[in-house]
Structures are given as structure tokens and as C-alpha cells.
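Remarks on the overall topology
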Amino acid sequence: MAPSPVSSRRPGELLWSPSDRVRDEAQITRWRRWLEAERGLAFVDYESLWRWSVGDPDAFWGSIWEYFGLGDGTPPEGGVLAGRSMPGARWFPGARLNYAERVFAGRDDDRTAIVSRSEAAGAQDLTWGELRARTAALAGGLRELGVGPGDRVAAYLPAVPEATASFLAVD
């Protein structure tokens, strides 16, 4: 019997590398170009970018915040990271970020958001509009129950579209 392709690989052998086109269009590549143009920061490779991220986390995460237009416009009070003690570090103190809002930003309501296949429910594909409507309905129901900012919501759910809508509804 011939060995399987996976078992015949040598340890440490590169399994995949992105094409030049994929690499050029990647979000990280666009962000690195922005860093160079806006902040004068150029990184020769991923390792140098990583070193910057751990060596100057305030600048790194501040650039992420700015590049992606995160938050509600309220700048963080006193910088990106209030204290570095772990556990307990506070990131972007005083700023507000709505994850669901960021997920839905710029999405075409008619495009597919989730492709789901299940033995129990069969095929279920949701558009961004359907996911947004389900998320809004769940969030409204939670508000009617009195759930608000600072409250904790927990659930044990299978990997189904309803789980995604539930996750987004509690943000």
C-alpha cells in the first residue's frame, strides 16, 4: 500500500504559500501599505511586523483602531492600553466598539453571509440581510427581557446559523 500524501511529508515542509496576487490583495498587505504612507513605518517581513506589535503594542493596536475605523468616534482615554498587568489589562479604556456593527458594515444585504449544511436542518443559506434581521430580532428580544450593557449572556449552542445571530445579538 502506498503511503498517503500527508504521511509522506517531511516535518517542517511548507504545505502552501499564497500566490503573488493573493498576497498583494490581502488585508494585511493593504494595512502595511497604509502604515508606510501614513506613519512612515515599513516592515521587511512578517517577523519585523510581529516584533513591532509586541515591542510597541500601543502604536500597533492604535494603528489597527485607526486603519479599520473602529469604535464610535470616542477616542480611548489615556491611550490604547491602560496598564499592562495580566490579567486585568484594559484595552482602549473609555472607547466603545460594537462588534456586530463592524461585522455588518459595508455588507450587501443580498449576498450570502452563511452557508450551512446539517443532517437535522438540511441546507440553510443566509444572506447578510437575513442575518442582520435575525440578529436585530434577537437583540430586541433580549432588550425586552431587560438585558443591557454590562450584563452577561451565555449559551451552549451547536455550530448553526442561529448561534452566529445570537453571538452578534449580544454585542
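Now for a look at the structure at hand.

What counts and how
Residues numbered from 1 in each chain as written. Predicted model: local features only at pLDDT ≥ 70, side-chain atom pairs only at ≥ 80, totals over all residues. Heavy atoms only, no water. Core = buried A, V, L, I, M, F, W, Y, C linked by side-chain atoms within 4.5 Å. Buried < 20%, exposed > 50% of the residue type's maximum accessible area, 1.4 Å probe, protein only. Helix = DSSP H or I, 4+ residues; strand = E, 2+ residues; numbered from the N terminus. Contact = heavy atoms within 4.5 Å. Salt bridge = Lys/Arg side-chain N within 4 Å of Asp/Glu carboxyl O. Pairing = 2+ DSSP bridges. Axes fitted to C-alpha atoms, helices over the stretch in contact; angles between N-to-C directions. Parallel < 35°, antiparallel > 145°, perpendicular 65-115°, else oblique. Nonpolar A, V, L, I, M, F, W, Y, C, P; charged D, E, K, R; others polar. Phe/Tyr/Trp six-rings, centres within 6.5 Å; stacked < 30°, edge-to-face > 60°. Patch = residues over 30% accessible without salt bridge, like charges linked within 9 Å, V, L, I, M, F, W, Y side chains within 5 Å. Areas by Shrake-Rupley, 256 points an atom, 1.4 Å probe, with all protein chains shown as cover.

It is worth spelling out the nonpolar core at this point. Nonpolar side chains tend to gather and get buried jointly when the protein is soluble and globular. Ranked by size, the top nonpolar core spans 9 residues in total: Ala 100, Val 103, Phe 104, Ile 114, Leu 126, Trp 128, Leu 131, Ala 165 and Leu 168. Counting residues per element, the ones that place at least two in this core are helix H5 (99–104), helix H6 (128–144) and helix H7 (161–169). A total of 3 residues in this core trace back to one element, the largest contributor, which is H5. Among all residues touching Ala 165, those that are not within four sequence positions of it are Leu 131, Arg 134, Thr 135 and Leu 138. Counting residues in each nonpolar core, the second largest holds 8 residues, with Trp 31, Trp 34, Leu 49 and Trp 52 among its members.

Inspection of the entire model under this criterion finds 8 salt bridges. Between Asp 24 and Arg 33 there is a salt bridge, with its nearest N and O atoms 2.1 Å apart. On the accessibility criterion, Asp 24 (41% relative accessible area) is partly exposed. Accessibility expressed as a relative area gives 41% for Arg 33, which makes it partly exposed. Here Arg 117 ties to Asp 125 by a salt bridge, and the two come within 2.6 Å at their closest N and O atoms. Here Arg 117 falls in the exposed class, since its relative accessible area comes to 54%. Given a relative accessible area of 41%, Asp 125 falls into the partly exposed group.

Moving on: the side chain of Ser 63. Summarising the element assignment, Ser 63 is placed in helix H4 (residues 57–67). The residues contacting Ser 63, other than those within four sequence positions of it, are Trp 31, Trp 34, Leu 35, Arg 39 and Trp 52.

What follows concerns the pairing of strand E3 (residues 112–118). Put simply, side chains in a regular strand alternate between the two faces of the sheet. As defined by bridge partners, E3 adjoins strand E4 (residues 122–127) across 6 bridges and the pair is classed as antiparallel. Pairing of Thr 112 across the sheet is with Thr 127, part of E4. Where E3 hands over to E4, the hairpin turn is made up of 3 residues, counted between the paired strands.

Glancing now at the packing of helix H3 (residues 46–55) against H4. With their axes 5 Å apart at the nearest point, H3 and H4 run at an angle of 105° to one another. Relative to H4, H3 is oriented roughly perpendicular. Of the residues in H4, those in contact with Trp 52, Ser 53, Val 54 and Gly 55 of H3 are Pro 57, Ala 59, Phe 60 and Ser 63. Classifying every residue of the contact of H3 with H4 gives 5 nonpolar, 3 polar and no charged.

On to the packing of aromatic side chains, then. To describe a pair of aromatic rings, you give the distance between the ring centres and the angle between the ring planes. One pass over the structure, following the stated rule, counts 11 aromatic pairs. Between the aromatic rings of Tyr 67 and Phe 68, the centroid separation amounts to 4.8 Å while the plane-to-plane angle is 90°, which identifies the pairing as edge-to-face. Within the aromatic cluster, the residues linked to one another by ring pairs are Trp 31, Phe 43, Trp 52, Phe 60, Trp 61 and Trp 91.

Glancing now at a nonpolar patch on the surface. Residues Ile 28, Tyr 46, Trp 50 and Val 54 make up a contiguous nonpolar surface patch of roughly 440 Å² in combined accessible area. The greatest single-element share of the nonpolar patch, amounting to 3 residues, is contributed by H3. Looking at where Tyr 46 falls in the secondary structure, it is placed in helix H3.

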